[in-house]
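An overview of the molecular structure
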Amino acid sequence: MFSYGKQYQVIVVGAGHAGCEAALASARMGCSTLLLNLNLNAVAEMSCNPAIGGLAKGHLVREIDALGGEMAKAIDATGIQFRQLNTRKGPAVRASRAQADRHAYSRYMKRVVETTPNLDLKQGAVCGLLTDKGQVIGVETREGLVYRGQAVVLTTGTFMCGLIHVGLNNYPGGRAGEPPSEGLSDCLRRLGLEVGRLKTGTPARLDRRTIDFSGLEAQPGDDPPKPFSFLHERIDRPQVCCHITYTNARTHELIRSGLDRSPLYSGVIEGVGPRYCPSIEDKVVRFPDKERHQIFLEPEGLDCGEIYPNGLSTSLPPDVQLKFLRTIPGLEQVEIMRPGYAIEYDYVDPVQLRPTLEVRDLAGLFHAGQINGTSGYEEAAAQGLVAGINAACRVLDRPPLVLRRDQAYAGVLIDDLVNLGAPEPYRMFTSRAEYRLLLREDNADRRLTSLGRDLGLVDDERWRRYQEKIDQVERGRIILEQERVQPSDRDLTEKLGLGELKQGHSLDELLRRPEVSIGQLCEVSPELAGMRPEALEQLEIAIKYEGYIARQQEDVERFRRLERTIIPRDFSFDGIDGLSLEVREKLERHRPETLGQASRIPGVTPAAIAVLAVMLRRGRPDHD
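A few points on the structure.

Digging into the overall build of the protein
Helix and strand counts for the protein stand at 21 helices and 22 strands. Computed over the C-alpha atoms, the radius of gyration of the protein is 26 Å, within 12% of the 25 Å expected from 2.2 N^0.38 for a compact globule of 624 residues. Its C-alpha atoms put the protein at 85 × 70 × 50 Å along the principal axes. For the protein, with 624 residues in total, the buried portion stands at 58%. By sequence separation, contacts in the protein at least 24 residues apart represent 73% of the contacts at least 6 residues apart. Carbon and sulfur atoms make up 48% of the accessible area of the protein, which amounts to about 25700 Å² in all. A gap of 1 Å separates the mean positions of the 81 positive and 88 negative side-chain charges of the protein.

A short note on the nonpolar core
Of all hydrophobic cores here, the largest spans 102 residues; its most connected members are Leu129, Leu188 and Leu365. Examining the composition of this core, we find that 12 residues originate from one element, helix α9 (residues 377-396), more than from any other. Those residues in contact with leucine 188, other than ones at most four positions away along the chain, are Leu129, Leu154, Met160, Leu193, Val195, Val348, Leu365, His367 and Ile371. Grouped together as the second largest cluster of nonpolar side chains are 21 residues, Ile479, Leu510, Leu511 and Leu528 included.

A word on the pairing of strand β5 (residues 95-100)
When you tally the buried positions in β5, you get 6 out of 6 residues, the bulk of the element. Of the two faces of β5, the one lined by Ala95, Arg97 and Gln99 and the one lined by Ser96, Ala98 and Ala100 are each fully buried. Sheet topology note: the strand β4 (residues 79-85)/β5 ladder contains 6 bridges and is antiparallel. From the neighbouring strand, glycine 79 faces β5, where its bridge partner is alanine 100.

A closer look at the sheet that holds strand β14 (residues 217-219)
Sheets are built from strands that pair by backbone hydrogen bonding, the pairs being arranged parallel or antiparallel. As summarised here, the arrangement of the 6 strands in space is β14-β15-β16-β17-β13-β18, forming an open sheet in which the pairing is antiparallel. With partners counted over all chains shown, the strands left at the sheet margins are β14 and β18 (336-338), one partner each. On average, each strand axis in the sheet is tilted by 35° relative to the strand beside it, whichever way the strands run. Examined bridge by bridge, strand β13 (residues 205-207) and strand β17 (residues 306-310) share 2 bridges and lie antiparallel to one another. From the neighbouring strand, leucine 206 faces β17, where its bridge partner is isoleucine 307.

Some points on the environment of glycine 376
Summarising the element assignment, glycine 376 is placed in the loop between β20 (365-367) and α9. Note on glycine 376: relative accessible area 27%, which makes it partly exposed. Sequence separation between glycine 376 and aspartate 416 is 40 residues; the distance between their C-alpha atoms is 16 Å.

Some remarks on the packing of aromatic side chains
A full pass over the atoms with the stated rule returns 6 aromatic pairs. With 6.4 Å between their ring centres and 50° between their planes, phenylalanine 82 and phenylalanine 228 make a pair best called tilted. Separated by 146 residues along the polypeptide, phenylalanine 82 in strand β4 and phenylalanine 228 in the loop between β14 and β15 (242-246) bring together distant segments of the chain. Overall, the relative accessible area of 0% leaves phenylalanine 228 in the buried class. A centroid spacing of 5.6 Å and a plane angle of 55° characterise the contact between tyrosine 435 and phenylalanine 559, whose relative ring orientation is tilted. Of this pair, tyrosine 435 sits in the loop between α10 (409-420) and α11 (444-455) while phenylalanine 559 sits in helix α18 (residues 546-564); the two residues are 124 residues apart in sequence, bridging distant segments of the chain. Residues tyrosine 435 and phenylalanine 559 agree in their burial class; the two are buried. Across the ring face of tyrosine 246, the terminal group of arginine 292 is positioned such that the distance to the ring centre comes to 3.6 Å.

Focus: the side chain of serine 26
Examined against the element boundaries, serine 26 turns out to sit in helix α1 (residues 17-28). Serine 26 gets classed as buried once you look at its relative accessible area, which sits at 0%. In this structure the side chain of serine 26 is engaged in a polar contact, spanning 2.7 Å, whose partner is the side chain of threonine 33. Once you skip the residues sitting within four places of it in the chain, serine 26 turns out to touch Val10, Cys31, Thr33, Gly388 and Ala392.

Things to note about the sheet that holds strand β10 (residues 163-166)
Spatially, β11-β10-β19-β12 is the arrangement adopted by the 4 strands of the open sheet, whose pairing is antiparallel. Where the open sheet ends on each side, the last strands, each with one partner, are β11 (169-172) and β12 (195-202). Going across the sheet, the axis of each strand differs from the next one's by a mean of 25°, ignoring polarity.

Some points on helix α3 (residues 71-78)
Extensive coverage of α3 is indicated by the burial of 7 of its 8 residues. Listed in full, the buried residues belonging to α3 are Met71, Ala72, Lys73, Ala74, Ile75, Asp76 and Thr78.

Let's talk about the pattern of salt bridges
If you walk through the whole model with that rule in mind, you get 53 salt bridges. In this structure, arginine 447 and glutamate 63 form a salt bridge, with 2.8 Å as the shortest nitrogen-oxygen distance. Taken together, the residues arginine 447 in helix α11 and glutamate 63 in helix α2 (residues 57-67) connect sequence positions 384 residues apart. Among the ionic pairs, glutamate 335 bridges to arginine 326, the shortest N-O distance being 3.1 Å. In this structure, a network of salt bridges that share partners links the residues Glu233, Glu461, Arg464, Arg465, Glu468, Arg532 and Glu534.

Basis of the calculations
- Residues numbered from 1 in each chain as written.
- Predicted model: local features only at pLDDT ≥ 70, side-chain atom pairs only at ≥ 80, totals over all residues.
- Heavy atoms only, no water.
- Helix = DSSP H or I, 4+ residues; strand = E, 2+ residues; numbered from the N terminus.
- Rg over C-alpha atoms; globule rule 2.2 N^0.38 Å.
- Buried < 20%, exposed > 50% of the residue type's maximum accessible area, 1.4 Å probe, protein only.
- Contact = heavy atoms within 4.5 Å.
- Areas by Shrake-Rupley, 256 points an atom, 1.4 Å probe, with all protein chains shown as cover.
- Lys, Arg positive; Asp, Glu negative; His and termini not counted.
- Charge placed at Lys NZ, Arg CZ, Asp CG, Glu CD.
- Core = buried A, V, L, I, M, F, W, Y, C linked by side-chain atoms within 4.5 Å.
- Pairing = 2+ DSSP bridges.
- Axes fitted to C-alpha atoms, helices over the stretch in contact; angles between N-to-C directions.
- Phe/Tyr/Trp six-rings, centres within 6.5 Å; stacked < 30°, edge-to-face > 60°.
- Lys NZ or Arg CZ within 6 Å of the ring centre and 35° of its normal.
- Polar contact = N/O pair within 3.5 Å; in protein donor to acceptor, adjacent residues only side chain to side chain.
- Salt bridge = Lys/Arg side-chain N within 4 Å of Asp/Glu carboxyl O.

Written out as C-alpha cells, the structure reads:
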C-alpha cells in the first residue's frame with residue numbers, strides 16, 4: 001500500500017446523491033474533503049428513474065435546499081417537466097416532482113463538485129477502512145492507495161457486493177455497465193457491524209423512435225413550472241410532455257408465463273425487495289384481480305432517445321420483457337435499448353448508528369444512503385447532507401446536528417432508521433410523519449435555514465432572501481388584521497363573492513372562510529398584491545389551518561418532553577424491575593439516546609417507558 005500523503009479531514013466514499021451532498025457540506029463548512037468514486041464519469045448518476053421529488057420526497061428536497069444543500073438547485077437547472085402533486089388536497093401532502101435530463105443532472109453535479117473549494121474528486125475503489133483504537137483514520141483502495149482522514153462517510157449505494165439479475169442469468173455489478181465494490185462488506189463485518197442483503201430493480205429503457213404516442217394520454221407539466229429551490233423564482237428551461245398507457249390481460253398472461261424464469265420467483269434472489277415499489281411481476285401476482293396497471297412513459301432527457309416506462313420494473317428474461325412490452329398500447333413495435341434488471345447488494349443495519357449517522361462503535365465512521373437500507377435519491381441526499389455536516393462537526397469539534405421528528409422529514413427518516421432498522425428498503429411517505437402539517441414543503445426554509453446559516457452552509461444571498469420572505473409574512477399578517485371590508489363596500493364584497501355582510505370584517509377573518517383565497521384578497525389590497533407568492537402562500541396556510549397547527553404544536557410539546565429525557569451511554573438496562581427480558585434485549589441492542597427514541601422501538605411498551613422514566617428521575621444514572 002502507498003500512502004497518498006495528503007491528509008484530509010473528511011473522506012466520502014461514493015459520489016452518488018448521498019456522497020455529493022456529504023462532500024459538498026463538509027467542504028463548505030471548511031474541511032479539507034476527499035470524494036472517492038469508482039468512476040469519475042458517474043457522479044450523481046440517476047440509476048433508476050431520472051426524476052426528483054414526489055410525495056414526501058419533494059419535502060426532503062426542499063429541506064436539503066433550506067439547509068444549503070445542492071439537489072434542489074440541480075433539478076431546477078436540469079429539469080424537463082415540473083408538476084405539483086396533490087394540489088386538491090391539504091398543504092401537508094402537496095408535493096413537487098420534476099423529470100430530469102439525466103445526463104445534464106450528472107454533469108451539473110460534477111461541475112459543482114469539481115469547482116467547490118476544499119474538495120478533491122478522485123477515482124478509486126475503496127476496499128477497506130483503516131482504524132486505530134476504535135477510531136477510523138482512513139481508507140485503502142483496490143488500486144493500492146491509502147488516504148488518511150479524521151472522518152469517513154460511506155455512501156456506497158447498490159455497489160457493495162452488487163449482483164445484477166436478468167432472468168436466471170446474473171453477474172457482478174453495482175449498476176448496469178459498472179463493476180461492484182468488493183471487500184468493503186467483509187471489512188465492515190470484521191469491524192463488528194451487521195451486514196444484510198437487499199434488492200431493488202429498474203425497468204427496461206425503450207427506444208423513443210419505436211413508440212406510437214399518438215393514441216396515448218398526454219401528461220403535460222405545470223405552466224408555469226414551480227422551482228424546487230427557495231433561491232429561484234422561475235424555470236426557464238424547455239419543458240416536455242410525458243404520456244400514460246396501461247398494461248392489459250394479455251400483458252399479465254405473458255408475465256405469468258415467464259415466472260418460472262424469474263429470479264424473484266425461482267429462489268435465485270435472496271435479498272428483500274421494496275414493498276412500496278414492486279416489480280411488474282409482483283403486481284401481477286399480488287393483485288390478480290386488477291385488470292390493468294398504469295404506466296408513465298417518461299423521457300430521460302432533451303437529447304436522449306431513451307424512454308423510462310415508470311411502473312414496469314422487472315427482472316424477467318429479455319425475451320419475456322420484449323413480448324409483454326409489445327402488448328401495451330403505444331408499444332406494439334417498441335425496441336428495448338437496455339433490458340430491465342434486479343440488483344442485490346449489501347447494506348448495514350442502521351440500528352447500529354447514532355442519530356448523527358455515526359456508527360456507534362467506531363468513532364468517525366458515518367453511513368448515508370442505500371448502505372442504510374433506504375431507497376430513492378432524495379432519501380439518500382438528505383442522509384448524505386446530515387452525515388457530511390456531522391462528519392465536519394466532529395472534525396471541527398462543533399456540536400452535531402440532530403434533526404427532530406417535529407423539525408424535518410429528514411429527522412423522521414433518520415429517527416426511523418436508527419430506531420426501527422431497515423428490514424426492507426425504506427421509502428419516505430407523508431404518513432410516516434406524525435407532525436406533517438408542521439413539516440410542509442412551503443415552510444422548509446422557516447424550519448431549517450437558520451440552522452444552515454449557523455453551520456456555514458447558507459450564504460449571504462440565500463439568507464437575504466429568507467429574511468425578506470419572513471419580513472413579508474410578518475407584514476402581511478399585520479395588513480390582514482388591520483385592513484377591513486365594510487358592508488357598504490359593495491364592489492369589494494361582490495368581488496370576493498361574500499354576498500351581503502351584516503358587519504365589518506378584517507381580511508384576516510375573511511381569509512378563514514373556505515371560499516376566500518389569498519389571491520382574491522390581493523385584488524382588494526395593493527400591499528398584499530406586491531408580496532412574493534411564497535410569502536402569500538405561508539400567510540394563507542397559517543391562517544386557514546391555525547387551529548389544526550396549534551393542536552399539533554401541543555402534541556409536539558408532549559413529544560419534546562420525552563426527547564429531552566436523556567438516557568446516558570453507560571446506562572444499564574439489566575436488572576430493572578418491570579422490564580421484560582425481551583424489552584431489555586431490545587434496549588441494549590438499539591441503545592436509544594433519549595426516552596423518546598426508546599418509545600419508538602417496536603416491542604418497547606408504554607409501561608416499559610414509564611418504568612424507565614422513573615428510573616431516570618431517580619438518577620440511575622442522572623438525566624437531562
